[in-house]
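Listed here are the chains, written in short residue letters.
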Amino acid sequence: EDAQLFVWHALTYKKELSLDLNVERIWSLSLLDPSSAASASTSGSAGVASAAGATGSGAGGLGGLVLAIGSDSGTLVLKMGKEQPVASLHSGKAVVARGFEILQVNLRLLEEQQYQDGERLPVAYKELGQCEIFPQTISHHPNGRFIAVCGDGEYVIYTAQALRNKTFGKCVDFVWSADGHYAIREESNRIRVHTSFTETFNFTPPFSVETLWGGALLALKASDDSFVCFYDWEACRLIRRIDVVGVQQVHWSPSGFFVALFTSDKVYILRHDKFAVMAANAAQAREEEGGIEIAFELVDQ
């Protein structure tokens, strides 16, 4: 009754957001089904996109959850969700979530004309179908044939063209490897690696994990935000621990020889010596506490 609204994570029960709405006492809450919200905001499948590559939530109806609040001061309707749409791009084709709907946009058709940077462009959305879970992230398989949709503590892998269910499971994090393997993190902090959609390895790291990143190696960020550990995909062996505080993103070069660690104000470029790692593994070198020392070399920051 203090006009404050709290939002908790459904899986971790961690308080994610606190809002002081200044509406006196709040008596009721009502949530609009995301697919209903999307259909209410648009009657068609045409939308707009900017030349910079971001899609909007206006004409396209790419919206989030709609929450209605009843209070002593009246009613208030909030739209909850990210400013950026849940989407993934591969070979010029973007897959976008609109509520429970999965849409596809062929951006290669826009190459026929020239546009100014920031100009809003008309694009046509193709409806692929409905998703069983509310999408919070979408990511393409490296070859583009599959997409992984994650949300509500679950993941579903679909075929990218027809949205046929390939496999599914529970997770709080999902990432692809450069070769098409994938890893998931469970609530219990256990990591499970799948090859050809079959689990091949699982382990529990000796530290609490906040998030995962895929690529040439599997990257695990510690929940205390003080380091990132890289593991190989074959045996989940520790390759190297990198002590960098506040890593927000990890991006690999296509060759797998370089990796960039992004913080809020710095970028660290590391060279990955894959051949030295292979030699150490072949020689069955004793695994040190921080991994294989020569696995990475700082190139620039």
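Everything that follows concerns the structure shown earlier in this document.
Just so it is clear, the structure is predicted and the values come from calculations on it, not from any experiment.

## Section: the overall build of the protein chain
- A tally of regular secondary structure across the protein chain gives two helices and 27 strands.
- In the protein chain, which comprises 301 residues, the share counted as buried stands at 42%.
- Contacts spanning at least 24 positions in sequence make up 44% of the contacts within the protein chain whose residues lie at least 6 apart.
- Summing over all exposed atoms, the protein chain offers an accessible surface of approximately 16600 Å²; the carbon and sulfur share of this is 50%.

## Examining the environment of Arg237
- Relative to the helices and strands, Arg237 resides in the loop between β22 (228-231) and β23 (238-242).
- With a relative accessible area of 16%, Arg237 lands in the buried category.
- As for Arg237 and Phe203, which are separated by 34 residues in sequence, their C-alpha atoms are 9.8 Å apart.

## Remarks on the side chain of Thr167
- For Thr167, the position within the fold is in strand β15 (residues 165-170).
- Look past the residues within four positions of Thr167 in its chain and what remains in contact with it is Tyr155, Val156, Ile157, Tyr182 and Phe197.

## What to know about the side chain of Asp173
- Tracing the backbone shows Asp173 in strand β16 (residues 173-176).
- Polar contacts involving the side chain of Asp173 include one to the side chain of Arg185, which spans 2.8 Å.
- With residues up to four places along the chain from it excluded, the contact list for Asp173 reads Ala183, Ile184, Arg185, Glu210, Thr211 and Leu212.

## Thoughts on the nonpolar core
- Counting 20 residues, the largest nonpolar core has Phe230, Val250, Val259, Leu261 and Phe296 as its most contacted members.
- Elements that contribute at least two residues to this core include exactly β22, β23, β24 (249-252), β25 (258-262), β26 (267-272) and α2 (274-282).
- Those residues in contact with Phe296, other than ones at most four positions away along the chain, are Leu217, Phe230, Ile239, Arg240, Ile242, Trp252, Val259, Leu270, Arg271 and His272.
- If you look at the next biggest cluster of nonpolar residues, it comprises 17 residues, including Leu212, Phe227, Cys229 and Cys236.

## So, the packing of aromatic side chains
- Summed over all chains, the structure comprises 14 aromatic pairs.
- Summarising the aromatic geometry, the rings of Phe174 and Tyr182 are spaced 5.0 Å apart at their centres and angled 20° between planes, so their arrangement reads as stacked.
- Using a relative accessible area of 11% as the deciding quantity, one classes Phe174 as buried.
- Seen in terms of ring centroids, Tyr182 and Phe197 are 6.3 Å apart; in terms of plane orientation they differ by 50°. Their pairing is tilted. One end of the pair, Tyr182, is in strand β17 (residues 182-185); the other, Phe197, is in the loop between β18 (191-195) and β19 (198-203), with 15 residues separating them in the sequence.
- Aromatic rings pair up to connect Phe146, Tyr155, Phe174, Trp176, Tyr182 and Phe197 into one cluster.
- Positioned above the aromatic ring of Phe197 is the side chain of Lys166, whose terminal nitrogen or guanidinium carbon lies 5.1 Å from the ring centre.
- The ring of Phe257 carries Lys274 above its face, with NZ or CZ at 4.4 Å from the centroid.

## Notes on the sheet that holds strand β3 (residues 26-32)
- Pairing in this open sheet of three strands is antiparallel, and the strands run β3-β5-β6 from one edge to the other. The open sheet is flanked by β3 and β6 (74-80), the only strands paired with a single partner. Each strand of the sheet is rotated relative to its neighbour by a mean of 20°, with strand direction disregarded.
- Across seven bridges, strand β5 (residues 65-71) lies against β6 in antiparallel orientation. Residue pairing in the sheet places Leu65 in a bridge with Met80 of β6.

## Focus: the pairing of strand β9 (residues 101-106)
- With five of six residues buried, β9 is to be regarded as a mostly interior element.
- Between strand β8 (residues 93-98) and β9, which pair antiparallel in sequence order, lie two residues; one of them, Gly99, sits at a positive phi of approximately 65°.
- As judged from the four bridges shared by β9 and strand β11 (residues 126-130), these two strands associate in the antiparallel manner. Across the sheet, residue Ile102 finds its bridge partner in β11, namely Gly129.

## Re the environment of Phe6
- Mapped onto the secondary structure, Phe6 falls in strand β1 (residues 4-8).
- For Phe6, a relative accessible area of 28% translates into the label partly exposed.
- C-alpha of Phe6 to C-alpha of Leu17: the two residues are 11 residues apart in sequence and 5.8 Å apart in space.
- Beyond its immediate stretch of four places on either side in the chain, Phe6 contacts Lys15, Leu17 and Ser18.

Each value, and the rule that gives it
Residues numbered from 1 in each chain as written. Predicted model: local features only at pLDDT ≥ 70, side-chain atom pairs only at ≥ 80, totals over all residues. Heavy atoms only, no water. Helix = DSSP H or I, 4+ residues; strand = E, 2+ residues; numbered from the N terminus. Buried < 20%, exposed > 50% of the residue type's maximum accessible area, 1.4 Å probe, protein only. Contact = heavy atoms within 4.5 Å. Areas by Shrake-Rupley, 256 points an atom, 1.4 Å probe, with all protein chains shown as cover. Polar contact = N/O pair within 3.5 Å; in protein donor to acceptor, adjacent residues only side chain to side chain. Core = buried A, V, L, I, M, F, W, Y, C linked by side-chain atoms within 4.5 Å. Phe/Tyr/Trp six-rings, centres within 6.5 Å; stacked < 30°, edge-to-face > 60°. Lys NZ or Arg CZ within 6 Å of the ring centre and 35° of its normal. Pairing = 2+ DSSP bridges. Axes fitted to C-alpha atoms, helices over the stretch in contact; angles between N-to-C directions.

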